[in-house]
Amino acid sequence: MKIVADRIFTPADQSDFAAVSGDFNPMHMDEVAARRSLFGAPVVHGIHLLCWALESWLSSRNRAAAGLERLTATFHRGVLLGQTVHTSVLSDAEEFTLEIGRDRMKIASIRGKLGARVAFPEMLPPMERARACRIMDSAALPQAMGSLPLWYCAPDVIRLFPQLGTALPPFQLAAILATTRLVGMECPGLHSFYSTMKLAFASEASGSPRMNYRVAAADRFGGTRLAIEGPGFQGELGAFLRPAPRAQASVRELEPLVEAGEFSEQRPVVIGGSRGLGEIAAKLLALGGADVTITYYLGKKDAEAIAAEIAAAGKRCAAAHFDAHHPAPLALPQPQQHLYYFATPQIASDRTTVFSEERFAEYCRYYVGSFARTLLEFAQQAPALNVFYPSTVFLDESAMDLPEYCAAKAAGEEVCKRLARRFPAWHIYAPRLPRLATDQNNGLLPARMQDIAIVMLRHLRAMQAHSYPPDGKRGP
Amino acid sequence: MTLIDQRLQQIFREAFDDDKLTVTDSLSPETMPEWDSLAQVKLIVGCEEEFGVKFTIEETVETTSAGKFKAVLALKGVGR
C-alpha cells in the first residue's frame, strides 16, 4: 500500500465541487443544516473524495490513462471538513484499487479498470443554476424514476482535477459527477447519503446526454438501489434515505401536560434552546408561565421560530445569541436565576482509538469549562442561581462507544458538586437523562426511546421543587 | 464451517467490504472499529435478504456480535 496524497477539505473546496457537480445538498454546504444531519457538521461529497483519489493516483503514475472501462466505489463513512484523509494505492495497474483512509479507518474503497478512450459526439451542456433538493419520503421512494442532464464545464473540472479532467472523456466524468447530483438533489434528495457506486462504461457512446434512473430496490432502513444508464454507461448506485431532523412536539401538543402557572416564578435562560432538549425545556417552562429566554449559537432561525411559536400561544419567550465558550452578559431586563445548560457538540464515537484525547477535550470544553464559565458569568447578576445540568445514564450503563462523552459528563458532574460546595447559594440539578429522541440520537436504526417531554417535565418539576425562589429563600 | 456460517460470513464480507474477513462468534464492534451503525444496517439487511427473516427493533440493537447474529437467526429457525 502506497500513500500518494493527503488532504484536508475546506468550505471553499465544498463550493468548488458543488459548482462542477451540481450537488448543493445542505449536508455539504450549510453548517446550520448539517448540524442536524447524521454527521452533525458539513460532510465532504463522496464523489469529491473519489475524484480526488483518482486525480492523486493518476498524478502519481508515469503512464497516461485514456478512459475507464468500469469503476466501483464504496463509501464506508463520512469525512468532515478539517479532517485529514489520505489516498492509498493498493494496485497500480490497468485494474486498480485505491483506498481513502483517515487515521486507521477505511473511508472509501475504489476499484476500477482503465480502458480505451471512447468518444461521445454530443456536446454536453454546462451546468444550470442550482435548484432546491427534492424531498422524498419512504413511501414515494420505491416508485421514483426520472432523468438528469449530463452537465459538464471543462475549464472548471480541469481546474479542480487537471489529470482526471484531461484523461477521461468528458461524458464519463460527467456521468460520475451526475451521480452525486442524482443522490443529493433528486433521489433520495435532501435527506440522503451516498454509499456505493458501480459503473460500467461501453466501448461506444451515443444517445441523449442524460442519466436515466429508477429505484430498483428500497429497504425498510432507507437503503436504496438506483439503476442508472446513459450514453456509454450503465450501473447501480447505493444510497440511504437518512432520517430527517427530529421535529420536537409543538407548544399545542405539549400544553395538556403542563399545569398553568407551575413555572411562573421563573425567568429562565435556556442555553442551547434552538432544538432538542433545550427546545422542549423552553416550551414546557413557557407553558408553565415562565418568561423564557432561549439562546442559540448557530441556529438563529430555529431559535426565532421556537420563540415565535411560544409567543403565538400567548406565552413568553425571547431568543438571543450566546457563545458558551466566550460567555458575555445577555441584555435582559432582570437577572435570571434559572439557567438550563444544553450547549453540546455533536456526540459521536471515535472508533479509531480506545480513547480519543481530542474528542474528550472537545466534550470537556462544552460540558466542563464553558459550563463553569457560563455559570460564573450569570452569577455576577444573580448570586442565587438554580442550574439544570443534563448528565447521562450512559455513566451507569458504561456506553461502550462513547468513553470520551461519559468521561466528560462525569467530569461535569464533579464540577457541579464542587461549584455547589464553593457557592452555597447555587443549586445545581444534574439528572442522568436517558437516550431521548433528539437529532443526536437520530440514527439509521430505529430505537425505542422514552417520551422526551414526559422525561423533561419530570426533571423540570424536580428542579423547581428544590429551587431558590425569587425571594432568595430556599424552596421545599 | 456450516453452510449457515458460510452465508453469514459472506454477508459480513460484503458489509465490511473485506473479501478476507473470517467471521468468528466474538467478532463485534469492540474488536472491529469498522462496525458502526451503517455496517450494522448492512448486516441486518443482508441477513434479512439472505435468510428471509425480519429483525425486531430490539434485535437490530442487540445483535452486537457475530455470535449474537447467529443466535437471533437460530431463534428465527434459520438452519433448522
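Residues numbered from 1 in each chain as written. Chains lettered and ligands numbered in written order. Predicted model: local features only at pLDDT ≥ 70, side-chain atom pairs only at ≥ 80, totals over all residues.

Focus: the domain arrangement of chain A
Inclusion rule: These domain limits were set by an automatic method or by a database of domain assignments.
Split by domain assignment, chain A resolves into domain 1 (2-241) and domain 2 (251-465). Centre-to-centre, using C-alpha coordinates, domain 1 of chain A lies 39 Å away from domain 2 of chain A.

Considering the sheet that holds strand β9 (residues 223-230) of chain A
Whether parallel or antiparallel, the strands of a sheet pair through hydrogen bonds between backbone atoms. All names here are of chain A. Selection criterion: Should DSSP find at least two bridges between two strands, the strands are taken to pair. A helix here means a DSSP run of H or I that spans at least four residues, while a strand means a run of E at least two residues long, and both kinds are numbered starting from the N terminus. The angle between two axes is taken between their N-to-C directions and runs from 0 to 180 degrees, where each axis is a line fitted to C-alpha atoms and a helix contributes only its stretch in contact. Note on contacts: residues are paired as contacts if their backbone-placed C-beta atoms lie within 7 Å.
Read from one edge of the open sheet, ten strands run β1-β3-β4-β5-β2-β7-β10-β9-β8-β6, paired in antiparallel fashion. Across the chains shown, the open sheet's two edge strands, defined by having one partner strand only, are β1 (2-8) and β6 (145-149). On average, adjacent strands in this sheet sit at an angle of 20 degrees to one another, irrespective of strand direction. Pairing between strand β3 (residues 84-91) and strand β4 (residues 95-102): five bridges, direction antiparallel. Paired with Thr87 across the strands is Ile100, a residue of β4. Its contacts with the sheet put helix α7 (residues 170-186) on β2 (68-75), β6, β7 (192-201), β8 (210-218), β9 and β10 (233-241), and the angle it makes with β7 is roughly 155 degrees.

Side note on the environment of A:Phe161
Residues and elements named next belong to chain A. Along the chain, the position of Phe161 falls in the loop between α5 (154-160) and α6 (162-167). The spatial distance from the C-alpha of Phe161 to the C-alpha of Ser59 is 9.9 Å, given a sequence separation of 102 residues. In contact with Phe161, not counting residues within four places along its chain, are Cys51 and Glu55.

Overview of the nonpolar core
Residues and elements named next belong to chain A. In plain terms, the rule: Structurally, a nonpolar core is described as a collection of buried Ala, Val, Leu, Ile, Met, Phe, Trp, Tyr and Cys residues joined by way of C-beta atoms within 7 Å. To sort residues by exposure, count the other C-beta atoms lying within 10 Å of each residue's C-beta; 20 or more gives buried, 12 or fewer gives exposed, and values between give partly exposed, all with C-beta atoms placed from the backbone.
With 87 residues, the main nonpolar core has Leu49, Leu50, Ala53 and Ala175 as its most contacted residues. Look past the residues within four positions of Ala53 in its chain and what remains in contact with it is Thr87, Leu98, Ile100 and Ile110. Tyr296, Ile310, Tyr363 and Leu460 belong to the second largest nonpolar core, which has 61 residues in total.

Some words on the sheet that holds strand β11 (residues 269-271) of chain A
Residue and element names in this part refer to chain A. Spatially, the six strands line up as an open sheet ordered β13-β12-β11-β14-β15-β17, and their pairing is parallel. Because the sheet does not close on itself, it has two edges, and the strands there are β13 (316-321) and β17 (426-429). With direction set aside, neighbouring strand axes in the sheet form an average angle of 20 degrees. Here strand β12 (residues 291-296) pairs with β13 via six bridges, running parallel. Note that in β13 the partner of Thr293 across the bridge is Ala318. Against the sheet, helix α9 (residues 276-287) engages β11, β12, β13 and β14 (338-341), with an angle of about 165 degrees to β12.

Re the packing of α9(A) against helix α14 (residues 452-465) of chain A
Residues and elements named next belong to chain A. To keep things clear, this is the line we draw: Convention used here: angles under 35 degrees read as roughly parallel, angles over 145 as roughly antiparallel, angles from 65 to 115 as roughly perpendicular, and any remaining angle as oblique. By convention the crossing between two helices is left-handed if the near helix lies anticlockwise of the far one by an angle smaller than a right angle, and right-handed if it lies clockwise. Polar here means any residue outside two lists: the nonpolar Ala, Val, Leu, Ile, Met, Phe, Trp, Tyr, Cys and Pro, and the charged Asp, Glu, Lys and Arg; Gly therefore counts as polar.
The N-to-C vectors of α9 and α14 enclose an angle of 60 degrees; their axes lie 10 Å apart at closest approach. Here α9 lies oblique to α14, going by the angle between them. In this structure, α9 meets α14 at a crossing whose hand is right-handed. Packed against α9, whose contacting residues are Leu277, Ile280, Ala281, Leu284 and Leu285, the element α14 presents Ile452, Ala453, Met456, Leu457 and Leu460 at the interface. Its residues assigned to classes, the contact of α9 with α14 comprises ten nonpolar, no polar and no charged.

A word on unusual backbone geometry
All names here are of chain A. The peptide bond linking Cys187 to Pro188 adopts the cis configuration, its omega dihedral lying at 5 degrees. Although it is not a glycine, Asp103 sits at a positive phi angle of roughly 50 degrees. Inspection of the secondary structure puts Asp103 in the loop between β4 and β5 (105-114). Judged by the 15 C-beta atoms lying within 10 Å of it, Asp103 falls in the partly exposed class.

Some remarks on the interface of chain B and chain A
The interface of chain B with chain A comprises 13 residues on the first partner and 18 residues on the second. Those elements that place two or more of their residues in the side of chain B that touches chain A are α2 (37-51) and α3 (57-62) of chain B. Sort the elements by how many residues they give to the side of chain B that touches chain A and α2(B) lands first, with five residues. Looking at the side of chain B that touches chain A residue by residue, the classes come out as six nonpolar, three polar and four charged.

Examining α2(B)
Owing to its 3.6 residues per turn, the α-helix brings residues three or four apart onto one side. How we decide: Expected span, for any helix, means 1.5 Å times one less than how many residues it has.
End to end, α2(B) covers 21 Å across 15 residues, agreeing with the expected 21 Å (1.5 Å per residue, within 8%). One or two positions beyond α2(B), positive phi appears at B:Gly52, with a value near 65 degrees.

What to know about helix α4 (residues 66-75) of chain B
Residue and element names in this part refer to chain B. To keep things clear, this is the line we draw: The arc in question is the one traced by the directions running from the helix axis out to the C-beta atoms.
What α4 keeps buried is the set Ala66, Phe69, Lys70, Val72 and Leu73. End-on view of α4: buried residues confined to an arc of 165 degrees, all on one side of the axis. In α4, the exposed positions angled more than 90 degrees off the buried face are occupied by Ala74 and Leu75. Its buried side turned inward, α4 meets α1 (3-15), α2 and α3. Following α4 by one or two positions, Gly77 has its phi on the positive side, about 90 degrees.

Things to note about the packing of α1(B) against α2(B)
Residues and elements named next belong to chain B. α2 packs onto α1 with a crossing angle of 145 degrees between their chain directions and a minimal axis gap of 9 Å. Crossing geometry of α1 relative to α2 is assigned as right-handed. In contact with Arg7, Ile11, Phe12, Glu14 and Ala15 of α1, α2 contributes Ala39, Lys42, Leu43, Gly46, Cys47 and Glu50. For the contact of α1 with α2, a count of residues per class yields six nonpolar, one polar and four charged.

Quick word on the pairing of β9(A)
All names here are of chain A. By the bridge criterion, six bridges tie β8 to β9 in an arrangement that is antiparallel. Bridge pairing in β9 links Ala217 to Arg225. Between β9 and β10, which pair antiparallel in sequence order, lie two residues; one of them, Gly232, sits at a positive phi of approximately 80 degrees.

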